[in-house]
Amino acid sequence: MTLPISREQSIELLKKYNKEEDKNDWNHFLESESIMQELAKKLNENEEYWGMLGLLHDVDWGITKQNTVEHLTKAPEILKEAGFDEEFINNIVSHGCGFECVGLKDKKREKKIEFALAASETLTGLIHAYAIMRGRKISDMELSGLKKKFKDKAFAASCDREIIKEAENLGITLDEFLQIGIDGVKNIKDKVGLN
Ligand SMILES: [Fe+2]
């Protein structure tokens, strides 16, 4: 589980393919990283590696979002060129399983790390939207409130609740995972425009 580039270099790699002014995208990258780190800590996994997966999972988003079926088709080449191995790349691509991206429609996630990434990156949307609704405040966000928003399917409707529930494959409850998500985003609140 060695990483070929530092976190700083990963940020540079992201900047190459994603505009710095696309704040929502950057918030999503950073929140995915932080939730993955928090989750790794809880599960005694490699925080640095899991964090890097979260940070880079949408590396090709900036160049594919105009035509989303292309999302994740450019990432393997970008990551390979940066020195990442096949396992890391496969882990990244697995968060697109079930979506229309080339070759992923009928693929299913199998590994713990794959469930972790998909669930974490999907949870960011729900937590961020809820924080914005609360006046951008996350410091006092409670699990009970987030649970209500989880159950309200009309709220942040694009956050697929079934994917968030994939975290249960990690041997933790949904409640535990939602709390990990709150803690993860709280850790970096200043960097993602929350307080
Ligand atoms: Fe994502």
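A brief report on the enclosed structure follows. (Residues numbered from 1 in each chain as written. Predicted model: local features only at pLDDT ≥ 70, side-chain atom pairs only at ≥ 80, totals over all residues.)

**Description of the overall build of the protein chain**
The helix and strand tally for the protein chain stands at 10 helices and 0 strands. For 195 residues, the compact-globule estimate of 2.2 N^0.38 gives 16 Å, and the C-alpha radius of gyration of the protein chain, at 16 Å, lies within 12% of that figure. Summarising its shape, the C-alpha atoms of the protein chain cover approximately 45 × 35 × 35 Å along the three principal directions. Within the protein chain, the fraction of its 195 residues that count as buried is 39%. (Helix = DSSP H or I, 4+ residues; strand = E, 2+ residues; numbered from the N terminus. Rg over C-alpha atoms; globule rule 2.2 N^0.38 Å. Buried ≥ 20, exposed ≤ 12 C-beta atoms within 10 Å, placed from the backbone.)

**Describing the nonpolar core**
Most often, soluble globular proteins have nonpolar side chains that are buried together. The biggest cluster of nonpolar side chains holds 48 residues, and the ones touching the most others in it are M36, L56, A116, A119 and I127. Those elements that provide at least two residues to this core are α2 (23–43), α3 (47–56), α5 (75–81), α6 (86–93), α7 (112–133), α8 (143–151) and α10 (174–187). A per-element tally of this core places α7 first, with 11 residues. Not counting chain neighbours up to four residues away, the residues in contact with M36 comprise W50, G51, L53, G54, A116, L117 and S120. (Core = buried A, V, L, I, M, F, W, Y, C linked by C-beta atoms within 7 Å. Contact = placed C-beta atoms within 7 Å.)

**A word on the environment of I172**
Along the polypeptide, I172 turns up in the loop between α9 (161–164) and α10. For I172 and K41, which are 131 residues apart along the polypeptide, the C-alpha to C-alpha distance reads 13 Å. In this view, I172 contacts A167 and F177; residues no more than four positions away in its chain are not counted.

**Quick word on unusual backbone geometry**
In the Ramachandran plot, R136 falls in the positive-phi region, its phi being about 65° despite a non-glycine side chain. By the secondary structure assignment, R136 is in the loop between α7 and α8.

**Here we look at α7**
Between its terminal C-alpha atoms α7 stretches 32 Å, which fits the 32 Å expected from 22 residues at 1.5 Å a residue. Here α7 lies mainly inside the structure; 18 of its 22 residues are buried. Once α7 ends, the next one or two residues include G135, with phi positive near 75°. (Expected span 1.5 Å × (residues − 1).)

**Digging into the environment of K23**
Structurally, K23 can be placed in helix α2. With 11 C-beta atoms counted inside 10 Å, the residue K23 sits in the exposed group. Once the C-alpha coordinates of K23 and I113 are considered, the two residues, 90 residues apart in sequence, prove to be 27 Å apart.

**Examining the environment of A156**
Examined against the element boundaries, A156 turns out to sit in the loop between α8 and α9. A count of 19 C-beta atoms within 10 Å places A156 in the partly exposed class.

**What to know about the packing of α3 against α7**
The contact between α3 and α7 brings their axes to 10 Å, and the two run at 50°. Judged on the interaxial angle alone, α7 and α3 are oblique. For the pair α3 and α7, the sense of crossing is right-handed. In this structure, α3 contributes W50, L53 and G54 to the contact, and α7 contributes A116, L117, S120 and E121. Here the contact of α3 with α7 is built from residues that sort into 4 nonpolar, 2 polar and 1 charged. (Axes fitted to C-alpha atoms, helices over the stretch in contact; angles between N-to-C directions. Parallel < 35°, antiparallel > 145°, perpendicular 65-115°, else oblique. Left-handed = near helix turned anticlockwise from the far one by under 90°. Nonpolar A, V, L, I, M, F, W, Y, C, P; charged D, E, K, R; others polar.)

**Describing the packing of α7 against α8**
Where α7 contacts α8, the axes come no closer than 10 Å and their chain directions differ by 115°. With respect to α8, the axis of α7 lies roughly perpendicular. In this structure, the crossing between α7 and α8 has a hand that is right-handed. In this structure, α7 contributes L126, I127 and Y130 to the contact, and α8 contributes L146, K149 and F150.

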